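The lines below spell out each chain.
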Amino acid sequence: MLFGHKSNKLQVDLGDLEDQQEKLSQFLESHLKVTVKSERNKLGIEPETTDPKELQRVVTKFIYHRNLNGTHWASTDGNVIKIRRFKGTAKKPKKKEKNATHETLPQSWGL
């Protein structure tokens, strides 16, 4: 942003889904027939004639196809589509499973 001018370039902010960057760019190229350029944690969409609402719809479709809809969602902020994580869905450590064997009546008496 130079001298207060906003860029008209459409972007997708990946948030914490950096590992999905290549797959998302291929998905966007195949569904929207656009050129996608990688920029750190963002994807730039060319040409800029693509509608931001249409881009958000395709990003949401990608989230559903990758089974990430339980933890992530897409929102529009001007010309930037942001992929965000739902609050309270941080990765939790798995609990250790207890031994599933149950004692039968004779075992509990020591017979």
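Each remark here, short or long, concerns the structure printed above.
Read on for a plain summary of the structure. Everything numeric in this text was worked out from a predicted model, so none of it was measured.

### Here's the deal with the overall build of the protein chain
Here's step 1: When helices and strands are tallied, the protein chain shows three helices and five strands.
Here's step 2: Going from the N terminus to the C terminus, the protein chain shows its helices and strands as β-α-β-β-α-β-β-α.
Here's step 3: Counting the 111 residues in the protein chain, one finds 29% classified as buried.

### A look at the nonpolar core
Here's step 1: Formed by 21 residues in total, the largest nonpolar core has its most connected members in V12, L24, L28, I45, L55, V59 and I83.
Here's step 2: Looking at this core, the elements that each hand over two or more residues are β1 (10–13), α1 (21–32), β3 (42–46), α2 (52–65) and β5 (80–85).
Here's step 3: Counting residues per element, this core draws most heavily on α2, at five residues.
Here's step 4: Look past the residues within four positions of L24 in its chain and what remains in contact with it is V12, L14, L43, F62 and I83.

### Re unusual backbone geometry
Here's step 1: A positive phi angle is found at K33, which is not glycine, with a value near 55 degrees.
Here's step 2: Secondary-structure assignment places K33 in the loop between α1 and β2 (35–39).
Here's step 3: With relative accessibility at 67%, the residue K33 sits in the exposed group.
Here's step 4: One non-glycine residue, R40, adopts positive backbone phi at about 50 degrees.

Parameters and conventions
Residue positions are counted from 1 within each chain, in the order its sequence is given. For a predicted model such as this one, the threshold for reporting local features is a pLDDT of at least 70, and the threshold for listing and counting side-chain atom pairs is 80 or more; totals across whole chains, interfaces and linings nevertheless cover every residue. Water and hydrogen atoms play no part in the side-chain values, which are based on all heavy atoms of the structure. A helix here means a DSSP run of H or I that spans at least four residues, while a strand means a run of E at least two residues long, and both kinds are numbered starting from the N terminus. Between buried and exposed lies partly exposed: a residue is buried under 20% and exposed over 50% of the maximum accessible area for its type, with that area taken using a 1.4 Å probe on protein chains only. By nonpolar core is meant a set of buried Ala, Val, Leu, Ile, Met, Phe, Trp, Tyr and Cys residues that side-chain atoms within 4.5 Å join together. Residue contacts follow a heavy-atom distance rule, with two residues in contact if any of their heavy atoms lie within 4.5 Å.

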